[in-house]
Amino acid sequence: MKPETREYVLMIIGGTLTMFAGGIVQPVFAQFVSWEFSAPIFLVGLAVSGYFVVRMIAEFPIGVLSDKVALRKLLIAGRFFGIVGAVACYLTSDIWVLIVARAFWGLGDASFFCIGMTYVGSLFPNTSRGRYIGIFQAVELTGSLLGQTGGGFIASAIGIRPDFIVATAVGVAALGVVLLIRGSGQQLKPLSLSSLLPSGAVLRGVLNRTLVACCLINFVCMTMNNGLMGTLMPLYATGELAFSLAGYGVLVSLSTVGNVLGSLFGGAMSDRLGRRRVLAGGFVIGALSLIGLALTTSFDAMLPLMFLNGLFWGIVYGVTPAFIADSVPGESRGMAIGTYRTFFDFGGVAGPILYSSLLTFVAPPFGYVAAFFVGAATLVLNLLLVLQIRERTRPQV
């Protein structure tokens, strides 16, 4: 087996286990905090959102550090943080300890998501990078889906707290896989305190038109995905349209299938047809799916629309990291991915606030319809932004 293939397989297995561990807790964490901790609603919200806030803050410095420190060391440290966070969540009955534990967990996962994407991008040239990043993203998403399903079954059978023990065990397995990664092929510059602060020349090389555009694109998409599809859609489907929880679960499952397929095939197609063309097609699919969701209240009609919406998101999730990796020098790729991930996480934090505010301002039921149209409009704006990106066509490592 070629060294890059071996490293890639290990990254896929480690990423899948990491996403599986996080997925086990994700669907039940809010209920866990609400049911088992006597705390003001502000602290409950802080415990739920703290994981994502810490991820958002940590992505950029981790990306910069990954250009100076061996990736293997950072991956191992990240898995330790994740394991410590999971164990502390299981053991504690204090809300402040829980908040700190989730922050540790967020720091550990930020390390893997940022560095994993950087490392996979560095293993292959841009002529095949999209395919390998897309597969990496798709397999990780599958791990998250399986984790969410398993976490729900465990919580229903024996309670929520045991989910953290299972997450810890999976985290230990992920650490075992990470320990096998060699980090081969990474070229490091000497580490010094001053080198951790990027120079003006480095920033000008990294903050090019492609990176800035992709960061804005992912911020808008994550705002829509977490705010509209993750926050308002479940309220709309189960409340306003009176779909059953099982029915809504089917809709989410179809969206996830589309997500995985979009990541899997979007990256590969971008190697053949060009990243800009495939990304533009993804935004057309996304905008049409949101307009369709705004115009129908039929469960049957929503089935293909949710699949298409997931397909759009998978294409964006799979293609934009490859686009960024193509556009920057190899020695600054970690910083570029860290910048992209920061905007990605910021969109995830801001989305629920922005779209909930829109719903409050317009008021249901029309507020939900308005939110779908606003989401579609933002995707059209993103489409226009994609058309301005310059695409690198010559082979690059």
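Everything numeric in this text was worked out from a predicted model, so none of it was measured.

Caption draft 1: Seen up close, the overall build of the protein chain. On a plain count of helices and strands, the protein chain comes out with 14 helices and zero strands. For the protein chain, the sequential pattern of α-helices and β-strands runs α-α-α-α-α-α-α-α-α-α-α-α-α-α. Taken over the C-alpha trace, the protein chain has a radius of gyration of 20 Å; the compact-globule value for 397 residues is 21 Å, and the two agree within 12%. For the C-alpha atoms alone, the extent of the protein chain along its principal axes is close to 55 × 50 × 40 Å. When burial is assessed residue by residue, the protein chain has 53% of its 397 residues classed as buried. Sequence-distant contacts in the protein chain: of pairs separated by 6 or more residues, those separated by 24 or more amount to 87%. For the protein chain, the accessible surface area stands at approximately 16600 Å², while carbon and sulfur atoms represent 71% of it.

Caption draft 2: Expanded view of the packing of helix H10 (residues 245–273) against helix H11 (residues 275–295). At their nearest, the axes of H10 and H11 sit 7 Å apart, and the two run at 135 degrees to each other. Regarding the angle of H10 to H11, the classification is oblique. Contacts from Gly266, Gly267, Met269, Ser270, Asp271 and Leu273 of H10 reach H11 at Arg275, Arg277 and Val278. Of the residues that constitute the contact of H10 with H11, the class distribution is three nonpolar, three polar and three charged.

Caption draft 3: Layout of the state of the cysteines. This model, assessed by the stated rule, comprises zero disulfides. You can see Cys214 has no disulfide; the closest cysteine sulfur is in Cys215, sitting 7.3 Å from it.

Caption draft 4: How the structure looks around unusual backbone geometry. Between Pro364 and the following residue, Pro365, the backbone shows a cis peptide bond with an omega angle of 5 degrees. Among the secondary structure elements, Pro365 is positioned in the loop between helix H13 (333–362) and helix H14 (366–386). The phi dihedral of Ala242 is positive, around 60 degrees, even though this residue is not glycine. Mapped onto the secondary structure, Ala242 falls in the loop between helix H9 (209–240) and H10. For Ala242, a relative accessible area of 61% translates into the label exposed. Although it is not a glycine, Ala363 adopts a positive phi angle of roughly 80 degrees. On the secondary structure map, Ala363 appears in the loop between H13 and H14.

Caption draft 5: Quick peek at helix H4 (residues 71–91). An ideal rise of 1.5 Å per residue puts 30 Å on 21 residues; H4 measures up with 31 Å between its terminal C-alpha atoms. What H4 keeps buried is the set Leu71, Leu74, Leu75, Ile76, Gly78, Arg79, Gly82, Ile83, Gly85, Ala86 and Cys89.

Caption draft 6: Region of interest: the side chain of Thr210. Mapped onto the fold, Thr210 is located in helix H9. A residue is classified by how much of its surface remains accessible, and Thr210, at 6% relative accessible area, is buried. Excluding residues that lie within four positions of it along the chain, Thr210 makes contacts with Phe323, Ser327, Ile389 and Arg390.

Caption draft 7: Spatial organisation of a nonpolar patch on the surface. Judged by side-chain polarity, Val284, Leu288, Ile291, Leu295 and Phe373 come together as a nonpolar surface patch covering roughly 460 Å² of accessible area. Residue contributions to the nonpolar patch peak at four residues, all from H11. Structurally, the position occupied by Val284 is in helix H11. What makes Val284 partly exposed here is its relative accessible area of 39%.

Thresholds applied
- Along every chain, residues carry numbers that run from 1 in the direction the sequence is written.
- Local features are withheld for residues below a pLDDT of 70 in this predicted model, meaning they are given only at 70 or higher, and side-chain atom pairs are given and counted only at 80 or more; totals for whole chains, interfaces and linings count all residues.
- Think of the side-chain values as coming from all heavy atoms in the structure, minus any hydrogens and water.
- Here a strand is any run of E in DSSP of at least two residues, a helix any run of H or I of at least four, and the numbering for each starts at the N terminus.
- To get the radius of gyration, use the C-alpha atoms; to get the globule rule, take the number of residues to the power 0.38 and multiply by 2.2 Å.
- We call a residue buried when its accessible area falls under 20% of the maximum for its residue type, exposed when it is over 50%, and partly exposed in between, using a 1.4 Å probe and counting protein chains only.
- Note on definitions: a residue-residue contact is assigned when non-hydrogen atoms from the two residues lie within 4.5 Å.
- Residue-level accessible areas treat just the shown protein chains as cover; the underlying method is Shrake-Rupley with a 1.4 Å probe.
- The convention used is that axes are lines fitted to C-alpha atoms, helices contributing only their stretch in contact, and that angles between N-to-C directions extend from 0 to 180 degrees.
- What sets the label is the angle itself: under 35 degrees gives roughly parallel, over 145 gives roughly antiparallel, 65 to 115 gives roughly perpendicular, and the rest give oblique.
- Think of it as three bins: nonpolar holds Ala, Val, Leu, Ile, Met, Phe, Trp, Tyr, Cys and Pro, charged holds Asp, Glu, Lys and Arg, and polar takes everything else, Gly as well.
- Criterion for a disulfide: a pair of cysteine sulfur atoms within 2.5 Å.
- Expected helix span is computed as 1.5 Å times (number of residues minus one).
- Distance thresholds for patches are 9 Å for like charges and 5 Å for nonpolar side chains (Val, Leu, Ile, Met, Phe, Trp, Tyr), applied to residues having over 30% relative accessible area and no salt bridge.
- Salt bridges are defined by distance alone: a side-chain nitrogen of Lys or Arg within 4 Å of a carboxyl oxygen of Asp or Glu.

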